[in-house]
Amino acid sequence: MRLGRLIALCLMTTLGAATAADACSRLLYETGTRSFIVARSMDWSDTSAKTSLWVFPQGMQRDGGLGENPFKWTSKYGSVIATLYDAATVDGINEKGLVGNVLYLAEADYGDAAETGKPSLSIGAWLQFFLDNYANVEDAVEAMQEAPFTIVAPVLPNGRPASGHLSISDSSGDSAIFEYLEGKLVIHHGSEYRVMTNSPTYDQQLALNTYWELIGGDKFLPGTVSAADRFARLSYNLRASPKYKDPKLAMASAFSQIRAMSVPLGMNDPEHPNIASTLWRTVADDGAKRYFFESAVFPAVFWVDLAKVDMGPDASPMMLAVDPDKPLAGEVSNHFEAAQPFAWLK
């Protein structure tokens, strides 16, 4: 009875948040050789949102990009990342195999930066901070027990709030989910946290998924594109998928699972603006240190082999625009060009 009441409460919360969030999905797949692959989809209502891939080297001088007291650091590790609006790092992997993903969360509340007195960090730089500074999840979680900055989330170019939660994972399979709720940072840390979607908050998503785990999932699963339904299907598919030892089959499994969660291109619902088409997908192969990108309108997948790009302290930042009129395929490290880093979302 208690579980039933909790499920009902979570469902009401989900429906209440449904008009305020765009959709994304993330999964952490374990191969038969104990390596890990992270796959995510970027579902977004603004099809004009520009995305580029960047190679960032070690030794970059960074700041939070906002206010009179921006948080500052120097990057320890190089990374390959994907942007949104070319103003925010929303996905990527660093040279040590730390993988990060930012997904929309309507309930996010970062608090008042003026009240904390801490240096400010644009939400556009939030994930980049982790990729620049940490080789594993354990160190990142420990450092965030007393966060040294306050997140500031300006309005996005499409007029929507810049609200999100963040996942990280590493080569050991460790995982963590970071959410700011009512101005406080909440961390879910553990290798069991292998799926993330959107609203409601992560604790409620876990409760909802407990219900579907009891049902089993082999007879029927929730089929809508809502975040709670995608969470249940992703969790079931991830448990049901074999842990392939063959690298090609392992990669194919991760791709097939995230494609199965994608929202068809052009799909929209005026009554539920949270339903958004999948614009692109990424797959980060932690074992092979390769970062794959698949656009919803490209005919092929392309990827970056981290071993083929220079991320040393003397290297320059490099950029590769994702241009629908110039589709790419295969390994693309030689397509990057030197560029000035983009400014964080203001």
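Just so you know, these numbers come straight off a predicted model, no measurement behind them.

Draft legend 1. Highlighting the sheet that holds strand 2 (residues 36-43). Within the open sheet, the seven strands sit side by side as 14-1-2-15-16-17-19. Their pairing is mixed. Of all the strands in the sheet, the pair left with one neighbour each is strand 14 (195-196) and strand 19 (330-331). As defined by bridge partners, strand 16 (residues 290-295) adjoins strand 17 (residues 302-305) across four bridges and the pair is classed as antiparallel. Its bridge partner lying in strand 17, Phe292 is registered against Trp303. Relative to the sheet, helix 6 (residues 227-240) contacts strand 1 (24-30) and strand 14, its axis offset from that of strand 1 by approximately 15°.

Draft legend 2. Focus on the packing of aromatic side chains. Counted under the stated rule, the structure contains 26 aromatic pairs. Ring centres 5.7 Å apart and planes at 55° place the aromatic pair Trp44 and Tyr104 in the tilted group. Of this pair, Trp44 sits in the loop between strand 2 and strand 3 (52-56) while Tyr104 is found in strand 8 (residues 99-104), placing the two residues 60 residues apart along the sequence. Tyr104 shares its class with Trp44; the two are buried. Plain terms: the ring middles of Phe292 and Trp303 are 5.3 Å apart, the flat faces sit at 35° to each other, and that makes the pair tilted.

Draft legend 3. How the structure looks around the nonpolar core. Judged by nonpolar contacts, the single largest core of 95 residues is most densely connected at Leu53, Trp126 and Phe130. In contact with Trp126, not counting residues within four places along its chain, are Tyr110, Leu121, Phe149, Ile151, Gly164, His165, Leu166, Phe178 and Tyr180.

Draft legend 4. Spotlight on the pairing of strand 3. Across the five residues that make up strand 3, a large majority, five, are buried. Side chains of strand 3 alternate between two faces, with Ser52, Trp54 and Phe56 and Leu53 and Val55 buried alike. In this sheet, strand 18 (residues 318-321) lies alongside strand 3 in antiparallel orientation, the contact comprising four bridges. Bridge pairing in strand 18 places Val55 opposite Met318.

Draft legend 5. Seen up close, unusual backbone geometry. The peptide bond linking Ser199 to Pro200 adopts the cis configuration, its omega dihedral lying at 0°. Here the phi dihedral of Arg34 falls at roughly 65°; this positive angle occurs in a residue that is not glycine. Phi angles above zero are rare outside glycine, and Glu182 is one such case at about 55°. Looking at the secondary structure, you find Glu182 in the loop between strand 12 (175-181) and strand 13 (184-189).

Cut-offs applied
- Residues numbered from 1 in each chain as written.
- Predicted model: local features only at pLDDT ≥ 70, side-chain atom pairs only at ≥ 80, totals over all residues.
- Heavy atoms only, no water.
- Pairing = 2+ DSSP bridges.
- Helix = DSSP H or I, 4+ residues; strand = E, 2+ residues; numbered from the N terminus.
- Contact = heavy atoms within 4.5 Å.
- Axes fitted to C-alpha atoms, helices over the stretch in contact; angles between N-to-C directions.
- Phe/Tyr/Trp six-rings, centres within 6.5 Å; stacked < 30°, edge-to-face > 60°.
- Buried < 20%, exposed > 50% of the residue type's maximum accessible area, 1.4 Å probe, protein only.
- Core = buried A, V, L, I, M, F, W, Y, C linked by side-chain atoms within 4.5 Å.

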